[in-house]
Each structure stands twice: as structure tokens, then as C-alpha cells.
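Observations on chain architecture
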Amino acid sequence: MKTTAKVAGGYKVSARGILNNFAIEPEIYIEDPSGIRGKTALITGASRGIGRAITLEFAKQGIARLLLVARDSKRLKQVAEEAIRGNPELEVIPLVLDLTETEAVNSAIAEVWQNHGPIHILVNNAGVAHQSPFLSSETHQFQQEINVNLLGTYAITRAIARRMVERQEGTIINVSSLMGKLAAPTMATYSATKFALLGFTQALRAELAPYKVRVVALLPSLTETDMVRDKQLFGLVLPATPEQVAQELVAGLRNGSTEILVGWQGKMAAIANRFFPWLTEAIVRVLTPESNSHATENPTLIVGCRV
Ligand SMILES: NC(=O)c1ccc[n+]([C@@H]2O[C@H](COP(=O)([O-])OP(=O)(O)OC[C@H]3O[C@@H](n4cnc5c(N)ncnc54)[C@H](OP(=O)(O)O)[C@@H]3O)[C@@H](O)[C@H]2O)c1
């Protein structure tokens, strides 16, 4: 007798060995709960840091095709080669794109959709961060944070989400930050963009649910990447590795989480902030690096600030 239970989109787990003694040879198909195996994902900011780690983790999890977006073609190619070494079946297409160039983004998405088929998973990971007291921040720096972190994310999401809606299938992952829950002094614009991404995620989740498009947020806390190398770090915060962030993302997708926090410190901080916001605000103030905590190093800038 042969029993077969099959769940669409699943992969096969054979229980043959265990049940041979009972003369039953079932083939059980269980769904990949993370929704990664056999799918196509587009990952922005894939050339380094967290985006690179998500690329390699998705390759390990059996994704079929990866579209990798960033501006640095050499680094993208290196990451593509690394991903293929981890999964020789994988197809990788590097897309050299600046997310702030909306027209280029729209035509690139139209072209890849036509040539390589549908994108099932979009990971909006690309981001930039600048650190300085707000009153002495440079206009071009906070504009870049808004342009990349928010407007760049909107542009590529619109191009892909409308196609996902037509197919009634897809997952969108927006990489926010713990700073999207708990704003940090000296990172005002960065925090503002990350709070905004959580609002964007929540609204989109409700709008796209009827079309079977899932929208989730990933909220890493401090992670060892290029982004934080030149920053004055907040005291007592233990950095995660990009690999840990990628693994927690996959675990969160598997569990059906809508907001995926990373590391015990991140989880504790988010819970504490929800119930005792006055306490977390006080703690963040104490942990702010001394040399960066003043409104401006040059008092004259308060009057004639460069914003
Ligand atoms: N590191 C942390 O502590 C931390 C904590 C919480 C959240 N996050 C978030 O995690 C995400 C990844 O951060 P990370 O730490 O991995 O940063 P990272 O190492 O600095 O990498 C940033 C990525 O974004 C890409 N990028 C930047 N501007 C772009 C543009 N205009 N168009 C296309 N791609 C662009 C970069 O590629 P190119 O330069 O090649 O274009 C790079 O691949 C960000 O959204 C960040 O806010 C990071």
C-alpha cells in the first residue's frame, strides 16, 4: 500500500525507512513554511552586509532564482558567485541599479519580469545611515537617507507589488530597524525613515492581504556591517552578525511573524518600549555616545544651521 499526502509547493520528505517494517511506503510532501524553496526573490542592497547575508541564506534554503540589486557591479558579481558556490542549481541575475532613479527601476523590473518570470519575494533591504546631531546635519545627507530608505523602497515596491497583486501571490519584506520602534538621538532622519517603513509595512499589509500578498518588516538591531563602521556606537549594545539577521528572517517567515525582531536585546527593548516608553527613552539617552549627544558642537550653528 502506498499513501501520499501532498501539499502544493512542497518538498518531499520520505518516511520510507521508518515505516518499511509495517509494509507501508508513504511519501509525505510538506510545504516549505518559509516560502523560499523553489521561488524567485529580488534583494536590494545585496552587494554587502545584511543583504549579502540574506542572499547567501536564501541560496542555502533552496531558492531557485535571485535578482540582486545594488550600484556596485563588482561586489554584486562576487556575492552572486558566492551564492552559486553554496547552491549550484541557483540562477543569479545581478541588477546594477540606483534605487533613487525611479524610471530606471521601473524599466528594469518590467524587463526582468518579462525575461525571467515572476518575482515571488521582494526584500527591501538597501539603506543608508548618517550620524550627527540634527542641527548640524548636512542637507545632502538627510536627503539621501529619505531618497534611498523611503523613496527608493516605494519605487521598487510599486513596480513589483502591482504585478504580485495581478498574480495574487507574493511576499514583501521591508528592512526597518529597532530604530523604527525606538528613536535614537544623533540618528533623527534615519530613525524617521525606519519608523515610516513600519507604517508603510502595516498599511500595505492590510491593502494587499486580499490579493494574497504578505507584507512583513524585519527589525535588526545593531549589526556588524559597513553601515556602522564609521558610527559612534550606543553603549552596552551587543552587535549581531549579518548571518544571524538572515537566519532570524528565515525563522520569522517560517513562523508567520509580521514584525521580525533580531536578538534578545532587540526583543527586550521593543517589549520594554511598548509598556514603559519613558524608561527606554531614558536608557537610550544614557547610552548615547557622549561626543555626539549635543545639539551641535558649534553653538552658532543653532542659529545659522545648515539645514
Ligand atoms: N547595520 C545595522 O546595524 C543595521 C541595523 C538595523 C537595520 N539595518 C538596515 O539593514 C539594511 C542593510 O544595512 P547594512 O548594515 O547591511 O548596510 P550596508 O552594509 O551599508 O549595505 C547597504 C546596502 O545598500 C545598498 N545601497 C545603498 N544605496 C543604494 C542605492 N541608492 N541604490 C541601490 N542600492 C543601494 C548598498 O549597495 P551599493 O553601495 O553597492 O549600492 C549596500 O548593498 C538597511 O536598510 C539598514 O538600515 C542595519
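Residues numbered from 1 in each chain as written. Predicted model: local features only at pLDDT ≥ 70, side-chain atom pairs only at ≥ 80, totals over all residues.

Topic: the site of the ligand
Among the 32 residues in the neighbourhood of the ligand, the closest are listed as Gly45, Gly49, Arg71, Asp72 and Gly127. Put simply, the parts of the chain that give the shell around the ligand at least two residues each are helix 2 (49–60), strand 5 (65–70), helix 5 (139–167) and helix 7 (226–229). Its residues assigned to classes, the shell around the ligand shows 14 nonpolar, 12 polar and six charged. (Near = placed C-beta within 6 Å. Helix = DSSP H or I, 4+ residues; strand = E, 2+ residues; numbered from the N terminus. Nonpolar A, V, L, I, M, F, W, Y, C, P; charged D, E, K, R; others polar.)

Some remarks on the nonpolar core
One finds Ile43, Leu66, Leu68, Val69 and Ile160 to be the most contacted residues of the largest nonpolar core, which totals 66 residues. Setting aside chain neighbours within four positions, we find isoleucine 160 in contact with Leu42, Ile109, Ile119 and Leu122. (Core = buried A, V, L, I, M, F, W, Y, C linked by C-beta atoms within 7 Å. Buried ≥ 20, exposed ≤ 12 C-beta atoms within 10 Å, placed from the backbone. Contact = placed C-beta atoms within 7 Å.)

Observations regarding the sheet that holds strand 10 (residues 259–261)
Here we have seven strands laid out as an open sheet, ordered 6-5-4-7-8-9-10, and parallel in their pairing. Only two strands of the sheet have a single neighbouring strand rather than two, namely strand 6 (91–96) and strand 10. Sheet twist, expressed as the average angle between the axes of neighbouring strands with direction ignored, equals 15°. Pairing between strand 4 (residues 40–44) and strand 5: five bridges, direction parallel. From the neighbouring strand, threonine 44 faces strand 5, where its bridge partner is valine 69. (Pairing = 2+ DSSP bridges. Axes fitted to C-alpha atoms, helices over the stretch in contact; angles between N-to-C directions.)

Digging into the packing of helix 9 (residues 263–275) against helix 10 (residues 277–287)
A pair of packed helices is characterised by two quantities: the angle between their axes and the separation of those axes. Across the interface, helix 9 lies against helix 10 with an axial gap of 5 Å and an inter-helix angle of 125°. Here helix 9 is positioned oblique relative to helix 10, judged by the angle of their axes. Across the interface between the two elements, Ala269, Ala272 and Asn273 of helix 9 pack against Pro277, Leu279 and Thr280 of helix 10. A per-class count over the contact of helix 9 with helix 10 returns four nonpolar, two polar and no charged. (Parallel < 35°, antiparallel > 145°, perpendicular 65-115°, else oblique.)

Comments concerning the packing of helix 4 (residues 102–116) against helix 5
Closest axis-to-axis distance for the helix 4/helix 5 pair is 9 Å, and the angle between their directions is 30°. One way to sum up the angle between helix 4 and helix 5 is to call them roughly parallel. Judged by the twist between their axes, the crossing of helix 4 over helix 5 is right-handed. Contact residues: Thr102, Val105, Asn106, Ile109 and Trp113 in helix 4; Ala155, Ile156, Ala159, Ile160 and Arg163 in helix 5. Of the residues belonging to the contact of helix 4 with helix 5, the class tally is seven nonpolar, two polar and one charged. (Left-handed = near helix turned anticlockwise from the far one by under 90°.)

Description of helix 4
Spanning 15 residues, helix 4 covers 21 Å between terminal C-alpha atoms, matching the ideal 21 Å at 1.5 Å per step. For helix 4, the set of buried residues is Val105, Ile109 and Val112. Down the axis of helix 4, the smallest arc covering the buried residues is 75°, so these residues share one side. Set apart from the buried face of helix 4 by more than 90 degrees, the exposed residues are Glu103, Ser107, Ala110, Glu111, Gln114 and Asn115. Where helix 4 is buried, its residues contact strand 5, strand 6 and helix 5. (Expected span 1.5 Å × (residues − 1). Arc of directions from axis to C-beta.)

Focus: the environment of leucine 261
Note on placement: leucine 261 falls in strand 10. Between the alpha carbons of leucine 261 and alanine 217 there is a distance of 8.6 Å; along the sequence they are 44 residues apart. Those residues within four positions of leucine 261 in sequence are excluded, and the remaining contacts are Leu219, Gly266, Lys267 and Ala270.

Things to note about the pairing of strand 9 (residues 213–219)
Within strand 9, five of the seven residues are buried, leaving the element largely enclosed by the surrounding structure. In terms of strand pairing, strand 8 (residues 170–175) meets strand 9 through six bridges, oriented parallel. Looking across to strand 9, one finds that threonine 171 is bridged to arginine 214. For the crossover from strand 8 across helix 6 (residues 188–208) to strand 9, the handedness is right-handed. By the bridge criterion, three bridges tie strand 9 to strand 10 in an arrangement that is parallel. Note on strand 10: the bridge partner recorded for leucine 219 is leucine 261. (Right-handed = clockwise from strand over helix to strand, strands pointing away.)

Description of the environment of alanine 196
Position of alanine 196 relative to the elements: it lies in helix 6. Sequence separation of alanine 196 and asparagine 149 is 47 residues, and the distance between their C-alpha atoms is 9.5 Å.

Describing the environment of alanine 80
As for its position among the elements, alanine 80 is in helix 3 (residues 73–86). The buried category is assigned to alanine 80, around which 21 C-beta atoms lie within 10 Å. For the pair alanine 80 and alanine 46, spaced 34 residues apart in sequence, the C-alpha to C-alpha distance is 9.1 Å. Sequence-distant contacts of alanine 80, that is, excluding residues within four places in its chain, are made with Leu68, Val92 and Pro94.

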